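For reference, the chains in residue letters:
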Number of protein chains: 4
Amino acid sequence: MMEESYPIRTDLALESQERLKNDRGTVRGVRFFEEPGEDGVVVSTVVIETENAAKAMGRPRGTYVTIEAPEMIEEDEGYHRNISVRLAEILRKMLPGRTEQDLNKGLEVSALVVGLGNREVTPDALGPRVVDNLFITRHIMNEFGKYAFVDEDVSRVSGIVPGVMAQTGMECVEILRGVVKETKPDFVITVDALAARNVRRLGRTIQLTDTGITPGSGIGNHRNALNTESVGVPVISLGVPTVVDAATIVADAMSALITELSLSDLRQLDERERQELARELLSPQLNGLFVTPKNIDDSIKQLSFLISEGLNIALLGNKERDNGI
Amino acid sequence: MMEESYPIRTDLALESQERLKNDRGTVRGVRFFEEPGEDGVVVSTVVIETENAAKAMGRPRGTYVTIEAPEMIEEDEGYHRNISVRLAEILRKMLPGRTEQDLNKGLEVSALVVGLGNREVTPDALGPRVVDNLFITRHIMNEFGKYAFVDEDVSRVSGIVPGVMAQTGMECVEILRGVVKETKPDFVITVDALAARNVRRLGRTIQLTDTGITPGSGIGNHRNALNTESVGVPVISLGVPTVVDAATIVADAMSALITELSLSDLRQLDERERQELARELLSPQLNGLFVTPKNIDDSIKQLSFLISEGLNIALLGNKERDNGI
Amino acid sequence: MMEESYPIRTDLALESQERLKNDRGTVRGVRFFEEPGEDGVVVSTVVIETENAAKAMGRPRGTYVTIEAPEMIEEDEGYHRNISVRLAEILRKMLPGRTEQDLNKGLEVSALVVGLGNREVTPDALGPRVVDNLFITRHIMNEFGKYAFVDEDVSRVSGIVPGVMAQTGMECVEILRGVVKETKPDFVITVDALAARNVRRLGRTIQLTDTGITPGSGIGNHRNALNTESVGVPVISLGVPTVVDAATIVADAMSALITELSLSDLRQLDERERQELARELLSPQLNGLFVTPKNIDDSIKQLSFLISEGLNIALLGNKERDNGI
Amino acid sequence: MMEESYPIRTDLALESQERLKNDRGTVRGVRFFEEPGEDGVVVSTVVIETENAAKAMGRPRGTYVTIEAPEMIEEDEGYHRNISVRLAEILRKMLPGRTEQDLNKGLEVSALVVGLGNREVTPDALGPRVVDNLFITRHIMNEFGKYAFVDEDVSRVSGIVPGVMAQTGMECVEILRGVVKETKPDFVITVDALAARNVRRLGRTIQLTDTGITPGSGIGNHRNALNTESVGVPVISLGVPTVVDAATIVADAMSALITELSLSDLRQLDERERQELARELLSPQLNGLFVTPKNIDDSIKQLSFLISEGLNIALLGNKERDNGI
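**A look at the pairing of strand β4 (residues 110-115) of chain D**
Residue and element names in this part refer to chain D.
For step 1, the next point in the chain: Most of β4 sits inside the fold, with six of its six residues counted as buried.
For step 2, the next point in the chain: Pairing geometry for β4 and strand β5 (residues 156-160), over five bridges, is parallel. Across the sheet, residue Ser-110 finds its bridge partner in β5, namely Arg-156.
For step 3, the next point in the chain: Across five bridges, the pairing between β4 and strand β6 (residues 187-196) is parallel. If you follow Ala-111 over to β6, its bridge partner there is Phe-187.

**Quick notes on the relation of the copies chain B and chain A**
For step 1, the next point in the chain: Superposition record for chain B on chain A: RMSD 0.0 Å, screw rotation 180°, translation along axis 0.0 Å. A rotation of that kind, with that shift, is consistent with a two-fold axis. The C-alpha atom lying nearest the rotation axis in chain B is that of Gly-178 of chain B; the distance is 1.8 Å.

**What to know about the interface of chain A and chain D**
For step 1, the next point in the chain: Facing 36 residues of chain A, the contacting portion of chain D comprises 36 residues.
For step 2, the next point in the chain: When the two sides are added together, the surface that chain A and chain D hide from each other amounts to roughly 3,000 Å², 71% of it contributed by carbon and sulfur.
For step 3, the next point in the chain: Viewed at the interface, chain D and chain A are joined by nine residue pairs in polar contact (both at pLDDT 80 or more).
For step 4, the next point in the chain: Elements supplying a minimum of two residues to the side of chain A that touches chain D: α11 (246-261), α12 (271-281), β9 (289-293) and α13 (296-316) of chain A.
For step 5, the next point in the chain: The element contributing the most residues to the side of chain A that touches chain D is α11 of chain A, with nine residues.
For step 6, the next point in the chain: Its residues assigned to classes, the side of chain A that touches chain D shows 22 nonpolar, seven polar and seven charged.
For step 7, the next point in the chain: Relative to strand β9 (residues 289-293) of chain D, β9 of chain A runs antiparallel, the two sharing five bridges. Bridge pairing in β9 of chain D places Val-291 of chain A opposite Val-291 of chain D.

**What about the side chain of Thr-209 of chain A?**
Residues and elements named next belong to chain A.
For step 1, the next point in the chain: Checked against the element boundaries, Thr-209 lands in strand β7 (residues 205-209).
For step 2, the next point in the chain: Residue classification places Thr-209 among the buried residues on the basis of a relative accessible area of 4%.
For step 3, the next point in the chain: Polar contacts involving the side chain of Thr-209 include one to the main-chain carbonyl oxygen of Thr-63, which spans 3.1 Å.
For step 4, the next point in the chain: Once you skip the residues sitting within four places of it in the chain, Thr-209 turns out to touch Thr-63, Tyr-64, Met-94, Val-235, Ile-236 and Ser-237.

**A short note on the packing of aromatic side chains**
For step 1, the next point in the chain: Throughout the structure, instances matching the rule amount to six aromatic pairs over all chains.
For step 2, the next point in the chain: Judged by centre distance (5.4 Å) and plane angle (85°), the ring pair of Phe-305 of chain A and Phe-305 of chain C falls under edge-to-face. Of this pair, Phe-305 of chain A sits in helix α13 while Phe-305 of chain C sits in helix α13 (residues 296-316), on two different chains. Each member of the pair, Phe-305 of chain A as well as Phe-305 of chain C, is classed as buried.
For step 3, the next point in the chain: Between the aromatic rings of Phe-135 of chain B and Phe-149 of chain B, the centroid separation amounts to 6.4 Å while the plane-to-plane angle is 80°, which identifies the pairing as edge-to-face. Here Phe-135 of chain B, found in the loop between α6 (126-132) and α7 (138-144), pairs with Phe-149 of chain B, found in the loop between α7 and β5 (156-160); they are 14 residues apart in sequence, far enough to count as distant. In this pair, the class of Phe-135 of chain B matches that of Phe-149 of chain B, namely buried.

**Observations concerning the environment of Asp-298 of chain B**
For step 1, the next point in the chain: In this fold, Asp-298 of chain B is placed in helix α13 (residues 296-316).
For step 2, the next point in the chain: Once the C-alpha coordinates of Asp-298 of chain B and Glu-74 of chain B are considered, the two residues, 224 residues apart in sequence, prove to be 8.4 Å apart.

**Here we look at the pattern of salt bridges**
Close approach of charged atoms allows side chains of opposite charge to pair.
For step 1, the next point in the chain: Scanning all chains against the criterion turns up 64 salt bridges over all chains.
For step 2, the next point in the chain: Across the pair Asp-252 of chain D and Arg-197 of chain D runs a salt bridge whose closest N-O atoms are separated by 2.7 Å. Of this pair, Asp-252 of chain D sits in helix α11 (residues 246-261) while Arg-197 of chain D is found in the loop between β6 and β7 (205-209), placing the two residues 55 residues apart along the sequence.
For step 3, the next point in the chain: Looking at Arg-197 of chain D, the relative accessible area reads 15%, which means it is buried.
For step 4, the next point in the chain: Taken together, the salt bridges that share partners define one network made up of Glu-15, Glu-18, Glu-68 and Arg-201 of chain A.

**Description of the side chain of Asn-227 of chain B**
Residues and elements named next belong to chain B.
For step 1, the next point in the chain: Mapped onto the elements, Asn-227 comes out in the loop between β7 (205-209) and α10 (228-231).
For step 2, the next point in the chain: A polar atom in the side chain of Asn-227 sits 3.0 Å from the backbone nitrogen of Ser-230.
For step 3, the next point in the chain: The contacts of Asn-227, once residues within four sequence positions are left out, are Thr-211, Gly-212, Gly-232, Val-233 and Val-235.

**Things to note about the pairing of strand β2 (residues 42-48) of chain A**
Residue and element names in this part refer to chain A.
For step 1, the next point in the chain: Of all seven residues in β2, six are buried, a share of seventy percent or more.
For step 2, the next point in the chain: Between strand β1 (residues 30-36) and the antiparallel strand that follows it, β2, lie five residues; Asp-39 among them carries a positive phi value of about 65°.
For step 3, the next point in the chain: With seven bridges connecting them, β2 and strand β3 (residues 62-68) associate as antiparallel partners. Residue pairing for β3: Ile-48 is matched across the bridge by Gly-62.

**Points about the relation of the copies chain A and chain D**
For step 1, the next point in the chain: Expressed as a screw transformation, the operator carrying chain A onto chain D has a rotation angle of 180° and an axial translation of 0.0 Å, and the superposed copies differ by an RMSD of 0.0 Å.
For step 2, the next point in the chain: When you check the interface residues of chain A against chain D, 100% turn up at the interface there too, and the contact is symmetric in its surfaces.

**Points about the confidence of the model for chain A**
Residue and element names in this part refer to chain A.
For step 1, the next point in the chain: The pLDDT averaged across chain A works out to 85; a share of 85% of its residues lies at or above 70.
For step 2, the next point in the chain: Between residues 1-6, whose pLDDT stays under 50, and residues either more than four places distant or in other chains, the model counts 13 contacts.
For step 3, the next point in the chain: Considering only residues more than four positions removed or in separate chains, one finds that residues 319-325, a stretch of pLDDT under 50, has 21 contacts.
For step 4, the next point in the chain: Among the prediction metrics, the complex's ipTM stands at 0.89, with pTM recorded as 0.92.

**Details of the interface of chain B and chain A**
For step 1, the next point in the chain: Of the residues lining the interface, 24 residues belong to chain B; the matching set on chain A comes to 24 residues.
For step 2, the next point in the chain: Summing the contributions of chain B and of chain A, the shared interface buries around 2,200 Å²; its carbon and sulfur component is 52%.
For step 3, the next point in the chain: Together, His-139, Met-170 and Glu-182 of chain B form the three largest contributors to the area buried by chain B at its contact with chain A, with a combined 26%.
For step 4, the next point in the chain: Here chain B is connected to chain A by six salt bridges.

What counts, and at which threshold
- Residues numbered from 1 in each chain as written.
- Chains lettered and ligands numbered in written order.
- Predicted model: local features only at pLDDT ≥ 70, side-chain atom pairs only at ≥ 80, totals over all residues.
- Heavy atoms only, no water.
- Buried < 20%, exposed > 50% of the residue type's maximum accessible area, 1.4 Å probe, protein only.
- Helix = DSSP H or I, 4+ residues; strand = E, 2+ residues; numbered from the N terminus.
- Pairing = 2+ DSSP bridges.
- Least-squares fit on C-alpha atoms with pLDDT ≥ 70 in both.
- Contact = heavy atoms within 4.5 Å.
- Buried area = accessible area lost by both parts, 1.4 Å probe.
- Polar contact = N/O pair within 3.5 Å; in protein donor to acceptor, adjacent residues only side chain to side chain.
- Nonpolar A, V, L, I, M, F, W, Y, C, P; charged D, E, K, R; others polar.
- Phe/Tyr/Trp six-rings, centres within 6.5 Å; stacked < 30°, edge-to-face > 60°.
- Salt bridge = Lys/Arg side-chain N within 4 Å of Asp/Glu carboxyl O.
- pLDDT = per-residue confidence, 0-100.

Structure follows, in structure tokens:
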């Protein structure tokens, strides 16, 4: 796997694209386009179209949409509702098959939202906290039907926080596959904290992808991929980088140092060789360490409201949510 | 169902037995025996043997063991290890089939421990907190085998905190059935906060039963029973009363008042009739309210350590737990 | 003390007024008026004007304003912003001296908000959770001045969660008096969970008073009053009933039973005598027990947002809060 | 200040001593000795004796004792009681004046334990969690006297978790000074998460010092020192490194790279110059970032039990703690 032969770790397709692009800003087999939006919100899309491109990018074929908004983690009374609305639009477009049309027509769909990560480790608590703030409707729909709601166009939303392997002894995919078989949602949305390469992206980027999440994502250790094949229904993955691997940050700094020094005997190395040199010098003690901001508690709080609101809008519509019960 | 025609709610078989027993202290179809142990720990066993007895008692046929120890919730540096050891012995005897012998021989067994209840409501957080403190081994055994452990007689222990229906939109039984199918434990142990009738029992009683848990237990609303039939493998249920239903406490008080007053026009009512009179006068606003002690936070902390230690001893033996990893 | 000679406990002046009022709806020495507002929000004011009235009401002379809104704890995307705005208006009017005018003119005032109660016991966690969600500015003002803020009319807001005596070994008043001496706020606002008499009021009522809080309020045990005399600056107390004392609910039920039965030998008892009879029959085991709703976690979440937003509006104005730092 | 002219940050005097020592392992004005103990627990003492040494070491004159034990964060049923006992012995020796003798004679002393740091950021939650697990006695002693306890040699222990400046708007020293003036403890013990230089020390080292804590310690931003002068009574500081500054880890790695490459044009730089070169190349984005292990939740759990147990033993003796209330 790419992961192993190369020290730089990122869960963001955008960062892989940036690293691999040539002078023209392209990678063979990868389509890339950017829509600079209003409010300083930039939306970019990376589509990995071929198996070769997937290998080079170190992640599966599929579509990766990135929402970048620097102010996302700044305190805001309205929790940046404009970004939530944008997120909801993008998410709806990524939902499988005719789901978007069904939602627009007010036809019922059924979604299971999964909060991945470890609630006890602040930068890894994003997924669990998003599920805490979701508007859960499945049990009410099952008991009272849609007429329990003021607005009758309501989907069947369920949510779960499976915990991490050290807490449960089980792979997330084992838990999810079981729950999906029993409760039969139309699709699954996973929410997770991710690792970025660049510290500037921490808390400022949301990635959505229809490929599921790849092994080794986030802080935790989800060894087996969560995707359509393994889970049994389509999986949309939503993530926000909240950490950088310690080894990545150090290797990047050392690589920059080598470049900067323009050392005669190192000058001829290309980026990969420089990274490998850096890696050789890396302390194995950096394994299992991550880098995160001191105010990560505030970021997680803001982001979990922003994302849960985005999911509520995408799945339930932008309406009063008063269940009258 | 009994639940509905009768206002008094208890999850303890011992309390049902006390209520129904005749002058000789017996209920037809119910065996009852008590072993006053050392340390002031009293162990009583209620065996419901017939369908008629099950109806009268309002709970399924099976064995209910109750450990009563007044000091359970008092602060103790060793978290009352003697009670944990006793709990472990009783639990081992209740495990299905040849499990106890297998554990004694050091043969591996595989257990899934389920922390029922709502982590966000203090008296209902017992189950989740017990799972937090469990020694989880399944993932280590799966990856490294038993040789990862100093003592090689180690079982495969997994744990899950499914959440309550208002948080997940799913019944606990749906989640558990799915997880059990995927991960195939030999048996399930559920841990839950229960409702007692008598406030003196709060935090001082542990009930174990091989019948699974009955609908409506605890604070939450687990509408469908968790038992061998519904989950797919044997279910041992462990619970501690942490609340009394508000309607129960009021009805009991009113019934006592009627008795106390020896009112000429009420004197001839039997207990059930007095309860029914009390119930008629009960405010419907008491529904959905529970009674719990002010220091419930300390009790839950103590009890969760005591019980998780009991489970650790029962499943992993009373040995150093150093996984060398 | 009134508390001891009478079993019925309430922290709401409104409930004391209801209990004591005569046929004309008045209590001597107590002024009462009600403004039924829009949105179904009812605001009532109880002014205790004489020492005799204070004795009869069991609480100090001063003004008690009650905001009642049944929908307060229902889930709402905007967290019932209309109620927050109303709360802010009422709070501003109650602030000492010229504070309201100063705030209106954009003059700086300095407030310390105190989150009373025990974070670990769900119905008692209201105060701590409100402080978690406050917009704290004192340290930024101290370091950068008001120019750090987009809107320069910003007050100096600080906050503290002192913990309860079982956690700290100290009285709240000891901690507060010390902190007030060192940091010199113009006034203190305490936020606490209260005990009501009537279960219908749980989570639906906000009480504000300029008298400080009386001993024994809420779930905890604040033995010494927090008021201008003991703390050193004016104290405004804000509280929401989240519990009913178990003894209160039982005594009330028993009293109702006696009334209902129209028992010939009890008929001539007045309310106080009926309560006393009920009290004699009350189990001492009810001491230290409280009654609270099963969904108290959701109520506390909603209420803490609603109140912190009210405080933010009252102290910082109804403006964008973007600190540009 | 040293802090500013030099990129390497450590809160451990031991690491400063290691960095500055000459060929003979000494620093002028600094005494150093090590007692390799049983159980692989190593105790070293650094005494900074002169103002010059204090400047060179970047920390105040005084005694710094370090307990190193690699297994401290490994899961252990007894929470490494041997280390707690050792910690208690060392702490007692460091207590001011005749406190140790008084404790040995069973004379009452009165201590305030302060849990510094941010409960919401896992690696910074050590101090708050230690206070959660302390045996608090002051309020019981105040109300019932020492006869409330089985063993009558009990000290008056109080505890507080003041929160961090972003949560309170106040400096810790403001809060502490006020609380100390009101409650008059004989001394204060602060517990805090620290920053180490070397990742190997994370979670494996306890530092105790009689100098108070120096500005900028830990993850938070305690701008003003907590020491005898600022707080008003002697301050003993206890800390465990749980993070490394991101800038430190990167600067150290870059410095090692320069050394390793033995670059002809850099070879002649001494360590400080190499560090400065590294620092120049450091991204300013590393400010405000820290490095911590993925399993920091388990470490904090283990460490908080170990340390609170050490404090309980030191202050209350190694006896049954049953308060009979």
